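The residues making up each chain are set out below.
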Amino acid sequence: MYVPKESQQKQGTAAKSRDGEKGGKRKIVAQNKKARHDYAIIDTYEAGLVLTGTEVKSLRQGRASLVDGFVQIDGNEAWLHNAHIPEYSQGTWTNHSVRRKRKLLLHREEIDKLEVKAQETGHTIVPLALYFKDGRAKAEIALARGKKEYDKRQTLRAQQDRREADRAIASAKRKQRGA
């Protein structure tokens, strides 16, 4: 039986949407590597961001910093504080303030869970990354517990040992190929 190409494509996209796959790739704008060093990550969440037009344009240029950022829950709403999104270079008087607090879009259950966990001693909510997914700005946030100094040293030592082992394996493979 002959099926025109137009209907074949429609069937394929309908099947994809039924499966719940969006196929969106993440385009990372900013990462908070310091947070992964200073905190033990317990759980991660993906949150939408409420942004103005100039903030989105500035993010699309790849300009942002999350180093001093943190998340706070006020009145059953999650807010991202101290995330630095610089002013859009071609913006006019409509430009945004650089370090304003930005609302995070999360489900009610996620907000309640984060609020309870964040009130425990030593726990905090930190932003890990800003990225675009399917054309929408998203933030990856994490429930985290602060590391002690010896924990940080232990993590660095484990990374260094892993790196040295990888180098030794690679050099052994090179020698084996050459012989």
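Relevant structure appears above.
A short tour of the structure in this document, coming up.

This part covers the overall build of the chain. Helix and strand content of the chain: five helices and seven strands. The order of α-helices and β-strands along the chain, N terminus first, is α-β-α-β-α-β-β-β-α-β-β-α. Within the chain, residue pairs in contact and separated by at least 24 positions form 69% of the contacts whose partners lie at least 6 positions apart. Surface exposure of the chain reaches about 12,200 Å², of which carbon and sulfur atoms provide 48%.

The next point concerns the packing of aromatic side chains. Think of a pair of aromatic rings as described by two things: how far the centres are apart, and how the planes are tilted against each other in angle. With the rule as written, the count across this model stands at zero aromatic pairs. Just above the ring of Y131 sits the side chain of R26; from NZ or CZ to the centre is 3.9 Å. We note K101 situated over the ring of W79; from NZ or CZ to the ring centre the distance is 4.6 Å.

Within the chain, N76 stands out as a residue other than glycine whose phi angle is a positive 60°. Topologically, N76 is positioned in the loop between β3 (70-74) and β4 (77-81). Positive phi, close to 55°, is recorded for D134, a residue that is not glycine. Tracing the sequence through the fold places D134 in the loop between β6 (123-133) and β7 (136-146).

What counts, and at which threshold
- Residues numbered from 1 in each chain as written.
- Predicted model: local features only at pLDDT ≥ 70, side-chain atom pairs only at ≥ 80, totals over all residues.
- Heavy atoms only, no water.
- Helix = DSSP H or I, 4+ residues; strand = E, 2+ residues; numbered from the N terminus.
- Contact = heavy atoms within 4.5 Å.
- Areas by Shrake-Rupley, 256 points an atom, 1.4 Å probe, with all protein chains shown as cover.
- Phe/Tyr/Trp six-rings, centres within 6.5 Å; stacked < 30°, edge-to-face > 60°.
- Lys NZ or Arg CZ within 6 Å of the ring centre and 35° of its normal.

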